[in-house]
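Structural overview for review
Spelled out from the first residue to the last, the chains are:
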Amino acid sequence: MRKVWSLAFVSLMVVALTFASCGGRGATGTFDLEDGTYEGASDASHRGYVWVELEISDGEIVEVEMKEFRGDGSEKTPETYDYEEWAVAVEELPAAVIEAQSSEVDAIAGATSTSELFMQAVRRALGEEDDETGPFPDGEHVGYSDPGPRGYVSAHVVVQRGTITDVQLREFQGDGSEKTPETYSFEEWAEAAEELPWRVIEEQSTDIDGYAGATSTSDKFVQALRRALGEDDALAMGPYEDGSHAGRSDTSARNGWVEVEVNVLLGHIVSVSMEEYADGVAKSPETYDYEEWAVALEELPERVLEAQSADIDAVAGATSTSDMFVQAVRRALGEEEPADVTFVDGEHVGYSDPGPRGYVSARVVVENGEIVEAELREFQGDGSEKSADTYTYEEWAVAAEELPERVLEAQSSDIDGIAGATSTYDKFVQALRRALNEEPALVQGPYEDGTYSGRSDESDRGGWVEVEVSILLGQIVSISMEEYADGEPKSPETYDYEEWAVALEELPERALEAQSADVDAVTGATSTSDMFVQALERALEDAS
């Protein structure tokens, strides 16, 4: 009987202690924290991190707010992140912590990563785990490499909780256009642009290996990255407006002048080209044998690049060239009003770009800086001249007569066109500007004008290629090709081979672009390509 009583007494004591324990937790709570709100955040990575805010009252968690951020710093929301399991996690995890009064709750199936980051953030808010952050300053940071004639690189870096979570590499060419896989077909570059940012995120450092075959891009990227993260001094932006700027000096007493083109990137001068004219013709080392002038042609642009300014010393023995160069650069940079250019006295001729449909020549006579005579002549693709007798198109005849008159009236190449004769107008204005030195003159090609034919040797299979080449103003303007097999011409209708059809279309286009027979073979049509090149070389030999 005594043993039974003893057991009952022990049972009552256990129950009493249990109730006492429960009553104590309800009164003072589990957490030894003052009432208030507490924040915590998980580790950050390229996938982002989780942030929580807890409200503590009487030692208990009474409210939990959570947010999740992507690696690029943007917040996930139901509107921007359509993933059902994640939405469940955002709703259920805070409630689970309140119910359990603990940072350790069951993960949500399908949202394990979010669940683990959330629990880590809760532990840190409650002081159960040390809150460690990386060494980098939080925020979005942008840095630029030094700009040069070949362009520059920008690095955009997102840092969350001291950790690099997102990196973007952008490279720009010397003309300011952005390189993309669509516009810059260099495989190693595309691989480097994708791989280098990942190396930074993985290493959490700017001390990364370069990418083989893309050394220049790698070096520029690392420089931009270090500047973005404050490890190197930021690039000081230059004072000039980005773009390509042209300038021209006054005409000298000897009827000469200097023209320059100045390219600016990130406010810095990255390239300078110059040309000096005498009597409307560009000087060159081949035609103007004066040593000091040749020195000036090389050194003056280099001095501007070094000084990042037109404030440079003249080249001894080439003072006139130096002074005109400096004036032209100042005008290009907007530091001096543009030249009030009058036209150079004399007779000037300019040509439009030649093409399969021909070209236009503009002849201009200038007296005392005024255009006193203008003439338009148009030539067809076979080199014959259009005339009212041979070319019965009324709008053309009107254009041929009226456009020169408009030039005399306007004293400018900025004239209105003629309805129905747009092509003639465009060619004439281009030729006119070249005659007046408002645009660089057309570079005459190395070939004799005319139509030339060429034929390859016969292949092992008894086939050959014939080409016909048209030349205008020394340039190749059209190429036709035909391939024969067994004495009969091949055609897409009778020869169903895709690579051959590609070669038939692309080989003439490649030769037109290269203005020579030095073209790559079309993959899968090597024999056709080789015979085409041989036939074209023979035609161009006759044209040389």
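Above this text you will find the structure in question.
Cut-offs and rules
Residues numbered from 1 in each chain as written. Predicted model: local features only at pLDDT ≥ 70, side-chain atom pairs only at ≥ 80, totals over all residues. Heavy atoms only, no water. Axes fitted to C-alpha atoms, helices over the stretch in contact; angles between N-to-C directions. Helix = DSSP H or I, 4+ residues; strand = E, 2+ residues; numbered from the N terminus. Left-handed = near helix turned anticlockwise from the far one by under 90°. Contact = heavy atoms within 4.5 Å. Nonpolar A, V, L, I, M, F, W, Y, C, P; charged D, E, K, R; others polar. Salt bridge = Lys/Arg side-chain N within 4 Å of Asp/Glu carboxyl O. Buried < 20%, exposed > 50% of the residue type's maximum accessible area, 1.4 Å probe, protein only. Pairing = 2+ DSSP bridges. Expected span 1.5 Å × (residues − 1). Bend = angle between axes of the 7 residues up to and from the residue. Phe/Tyr/Trp six-rings, centres within 6.5 Å; stacked < 30°, edge-to-face > 60°. Lys NZ or Arg CZ within 6 Å of the ring centre and 35° of its normal.

1. Observations concerning the packing of helix α10 (residues 498–514) against helix α11 (residues 526–543)
Between α10 and α11, the least distance of the axes is 10 Å, while the angle of their chain directions is 35°. As α10 packs across α11, the resulting crossing turns out to be right-handed. Facing Trp 500, Ala 503, Leu 507, Pro 508 and Ala 511 of α10, the residues of α11 in contact are Thr 528, Ser 529, Phe 532 and Leu 536. Across the contact of α10 with α11, the residue classes break down as seven nonpolar, two polar and no charged.

2. Here's the deal with the pattern of salt bridges
Tallied over the full model, the rule gives 30 salt bridges. Close ionic contact of Asp 353 with Arg 434 constitutes a salt bridge, the shortest N to O distance being 3.0 Å. Residue Asp 353 is found in the loop between β11 (346–351) and β12 (359–367), and its partner Arg 434 is found in helix α9 (residues 422–435); the two are separated by 81 residues along the sequence. Taking relative accessible area as the criterion, Asp 353 reaches 38% and is therefore assigned partly exposed. Lys 490 serves as the salt-bridge partner of Glu 483, at 3.4 Å between the closest nitrogen and oxygen. Of the two residues, Glu 483 and Lys 490, both sit in the buried class.

3. Notes on the sheet that holds strand β8 (residues 256–265)
Strand order in the open sheet made by the four strands is β7-β8-β9-β10, with antiparallel pairing throughout. In this open sheet, the two strands that pair with only one neighbour each are β7 (243–248) and β10 (281–282). Relative to β10, strand β9 (residues 268–278) runs antiparallel, the two sharing two bridges. Across the sheet, the residue bridging to Tyr 277 is Ala 282, located in β10. Of the strands in this sheet, β7, β8 and β9 are in contact with helix α7 (residues 319–332), which crosses β8 at around 45°.

4. Some remarks on α9
For α9, built from 14 residues, the straight-helix expectation of 20 Å at 1.5 Å per residue is met to within 8% by its first-to-last C-alpha distance of 20 Å. Of the residues making up α9, those classed as buried are Thr 424, Tyr 425, Lys 427, Phe 428, Val 429, Ala 431, Leu 432, Arg 434 and Ala 435. Those residues of α9 that are buried lie in contact with β11, β12, β13 (370–379) and α8 (394–410). Of the residues flanking the end of α9, it is Asn 437, one or two places downstream, whose phi is positive at about 65°.

5. Examining unusual backbone geometry
The backbone of Leu 473 sits at a positive phi, close to 50°, despite the residue not being glycine. Its location among the elements puts Leu 473 in the loop between β15 (463–472) and β16 (475–485). One non-glycine residue with positive phi stands out, namely Gln 515, at about 55°. The exposure class assigned to Gln 515 is partly exposed, which follows from its relative accessible area of 25%.

6. Topic: α10
With 17 residues, α10 ought to run about 24 Å at 1.5 Å a step, and its terminal C-alpha atoms sit 24 Å apart, in line with that. Considering bend angle alone, the principal kink of α10 is centred on Glu 506 and spans about 30°; proline Pro 508 follows within four residues of it. Within the span of α10, buried status applies to Trp 500, Ala 503, Leu 507, Pro 508 and Ala 511. Against β16 and α11 lie the buried residues of α10. Gln 515 sits one or two residues past α10 and shows a positive phi near 55°.

7. Some details on the environment of Asp 414
Mapped onto the elements of the fold, Asp 414 is located in the loop between α8 and α9. Separated by 196 residues in sequence, Asp 414 and Ser 218 place their C-alpha atoms 46 Å apart.

8. Considerations on the packing of aromatic side chains
Enumeration over the complete set of coordinates arrives at 17 aromatic pairs. Relative to Tyr 393, the ring of Tyr 391 has its centre 6.3 Å away and its plane inclined at 65°; by these criteria the two rings are edge-to-face. Overall, the relative accessible area of 35% leaves Tyr 393 in the partly exposed class. Across the ring face of Trp 257, the terminal group of Arg 248 is positioned such that the distance to the ring centre comes to 4.0 Å. Above the ring of Trp 464, the side-chain terminus of Arg 455 is found at 3.9 Å from the ring centroid.

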